[in-house]
Amino acid sequence: MRTYRHIFFDLDRTLWDFDENSREALRDICGVNGLAERIPVEEFIKVYQQINEMLWKAYRMGNLNKKTLRVLRFAKALEHFGIFDQVLGVRMGDAYVDLSPKKTALFPNTIEILDYLAGKYKLHIITNGFEEVQHIKLSNSGLSPYFTNVVTSERAAARKPSPEVFQLALHLAGTKAHEAIMVGDDLEADMAGARAVWMDHVYFNPSRAPHTEQVTREINDLNELRAFL
């Protein structure tokens, strides 16, 4: 068994509860813009999430830039409900980028496990999120002090699962892959990415979604990291 010195965490949907924070921000934005009187807000949120996921896949593949992604996801969600208003789409997109990262919901036991691990390992973040947004999330939710390095896809000029992102993270940490382990929720971006640079990896699967991937470890609750770290 390897002896680890460094732990790399994904941020969204691993520590920071992206889905809950996103829903809360979207409810606020719909309320401010009077959409609650025009469309079913919870249904709008579901449609937005589906469109956002589709566009993020295009972004990860390099087929979409950040600016287009931020505007298009709201424009398309509004169009689904028969609202063709570019100005509103841009306004909602700007408000979401400002408001969402300030939300602070974390997965259960996030702070507890970081307190435990911080005394034993150097902790770092590897995330596909945007540079300025991810740092706001970390700061507002009280996570920043735990992490030595934060490597975003923008900083690395590459996106997980590209080996370049993990190689930069290892370089900045001053370590090698055999001394590190990656914890994340995405089988492709996190697990396959870590595997590509021969880094051990922990699949965080709180919903217990079935899969056939071979991973180093699998957990359903962050506290389960205590069993082997």
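Anything mentioned here points back to the structure above.
Residues numbered from 1 in each chain as written. Predicted model: local features only at pLDDT ≥ 70, side-chain atom pairs only at ≥ 80, totals over all residues. Heavy atoms only, no water.

Turning to its location among the elements, Thr-14 is positioned in the loop between β1 (6-9) and α1 (18-32). Within polar-contact distance, the side chain of Thr-14 engages the side chain of Asp-10 at 3.1 Å. In contact with Thr-14, not counting residues within four places along its chain, are Phe-9, Phe-107, Val-183, Gly-184, Asp-185, Phe-204 and Leu-222. (Helix = DSSP H or I, 4+ residues; strand = E, 2+ residues; numbered from the N terminus. Polar contact = N/O pair within 3.5 Å; in protein donor to acceptor, adjacent residues only side chain to side chain. Contact = heavy atoms within 4.5 Å.)

Paired through backbone hydrogen bonds, the strands of a sheet run either parallel or antiparallel to each other. Across the sheet, which stays open at both edges, the 6 strands sit in the order β3-β2-β1-β4-β5-β6 with parallel pairing between neighbours. The sheet terminates laterally at β3 (149-152) and β6 (217-219), the two strands that pair on one side only. Averaged over all pairs of adjacent strands, the angle between their axes in this sheet comes to 20°, without regard to strand direction. Relative to strand β5 (residues 200-204), strand β4 (residues 180-184) is paired through 4 bridges, and the arrangement is parallel. Among the inter-strand pairings, Gly-184 is bridged to a residue of β5, identified as Tyr-203. (Pairing = 2+ DSSP bridges. Axes fitted to C-alpha atoms, helices over the stretch in contact; angles between N-to-C directions.)

Before going further, it helps to examine helix α6 (residues 131-140). For α6, every residue scored as buried is listed here: Val-133, Gln-134, Lys-137 and Leu-138. Taken end-on, α6 shows its buried residues confined to a sector of 135°, consistent with a single buried face. The secondary structure elements touched by the buried residues of α6 are α1, α3 (66-80), α4 (86-99), β2 (122-127) and β3. Within two residues after α6, Gly-142 carries a phi angle of roughly 80°, on the positive side. (Buried < 20%, exposed > 50% of the residue type's maximum accessible area, 1.4 Å probe, protein only. Arc of directions from axis to C-beta.)

Quick look at α4 now. The terminal C-alpha atoms of α4, which comprises 14 residues, lie 20 Å apart, in line with the 20 Å expected from a rise of 1.5 Å per residue. Elements in contact with the buried residues of α4: α1, α2 (41-60) and α3. Where α4 starts, the residue carrying a side-chain oxygen 3.2 Å from the main-chain nitrogen of Val-87 turns out to be Asp-85. (Expected span 1.5 Å × (residues − 1).)

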